[in-house]
Amino acid sequence: MEKTLKDVVSADIGNPHLTQEQVEGQSWSKTLSDNPFNDVRQADYSEKSMQETLQHSAQTWKAEGRDMMDGPMGVQKHLADVTGYGAEYDQAQDEMFGPEQKSQ
């Protein structure tokens, strides 16, 4: 739950260049301080930056949707795989959230 909350906060105010793993691995103080609102003079409000931010935020929400659908420790995904419905489960996630984005 804490990782999900950290991802959401970072998607809203954080560094758009960090991967999900980087965000989840940093401290809360770093997450809260690493945002454009701390120094407005250095903030990048260009159209390109805004588009990147919106894209990053959308990807984060899709990843969080997948995590929530998988359940705690991926138990629902595991059950789908074990019962032979893994492909259908993956297809349903792709239809709801788009193709899974792999971390770089």
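Residues numbered from 1 in each chain as written. Predicted model: local features only at pLDDT ≥ 70, side-chain atom pairs only at ≥ 80, totals over all residues. Heavy atoms only, no water.

Asks: What exactly am I supposed to notice about the pattern of salt bridges here?
Replies: It is possible for side chains of opposite charge to pair when their charged atoms get near one another. A full pass over the atoms with the stated rule returns 4 salt bridges. Between Lys48 and Glu52 there is a salt bridge whose closest N-O contact spans 3.8 Å. One end of the pair, Lys48, and the other, Glu52, are both in helix α4 (residues 47-70), 4 residues apart, so they sit about a helical turn from each other. In this structure, Lys77 and Asp81 form a salt bridge, with 3.1 Å as the shortest nitrogen-oxygen distance. (Salt bridge = Lys/Arg side-chain N within 4 Å of Asp/Glu carboxyl O. Helix = DSSP H or I, 4+ residues; strand = E, 2+ residues; numbered from the N terminus.)

Asks: What is the right way to look at helix α1 (residues 2-13) in this model?
Replies: Between its first and last C-alpha atoms α1 spans 16 Å; for 12 residues at 1.5 Å apiece the expected length is 16 Å, and the two agree. When α1 is considered as a whole, its buried residues turn out to be Lys6, Asp7, Val8, Val9, Ser10 and Ala11. Along its buried surface, α1 packs onto α2 (20-25), α3 (28-33) and α4. (Expected span 1.5 Å × (residues − 1). Buried < 20%, exposed > 50% of the residue type's maximum accessible area, 1.4 Å probe, protein only. Contact = heavy atoms within 4.5 Å.)

Asks: Can you help me understand the packing of α4 against helix α6 (residues 86-97) in this one?
Replies: A pair of packed helices can be characterised by two numbers: the angle between their axes and the separation between those axes. Viewed as axis vectors pointing N to C, α4 and α6 meet at an angle of 145 degrees, and their least axial separation amounts to 10 Å. Along this stretch, α4 crosses α6, giving a crossing that reads as right-handed. Of the residues in α6, those in contact with Lys62, Gly65, Arg66, Met69 and Asp70 of α4 are Tyr89, Ala92, Gln93, Asp94, Met96 and Phe97. Across the contact of α4 with α6, the residue classes tally to 5 nonpolar, 2 polar and 4 charged. (Axes fitted to C-alpha atoms, helices over the stretch in contact; angles between N-to-C directions. Left-handed = near helix turned anticlockwise from the far one by under 90°. Nonpolar A, V, L, I, M, F, W, Y, C, P; charged D, E, K, R; others polar.)

Asks: How do you make sense of the side chain of Lys6 when you look at a structure like this?
Replies: Checked against the element boundaries, Lys6 lands in helix α1. With a relative accessible area of 6%, Lys6 lands in the buried category. Polar contacts involving the side chain of Lys6 include one to the main-chain carbonyl oxygen of Gln26, which spans 2.5 Å. Residues within four places of Lys6 in sequence aside, it is in contact with Val23, Glu24, Gln26, Ser27, Trp28 and Thr31. (Polar contact = N/O pair within 3.5 Å; in protein donor to acceptor, adjacent residues only side chain to side chain.)

Taken by themselves, the reported measurements are silent on function.
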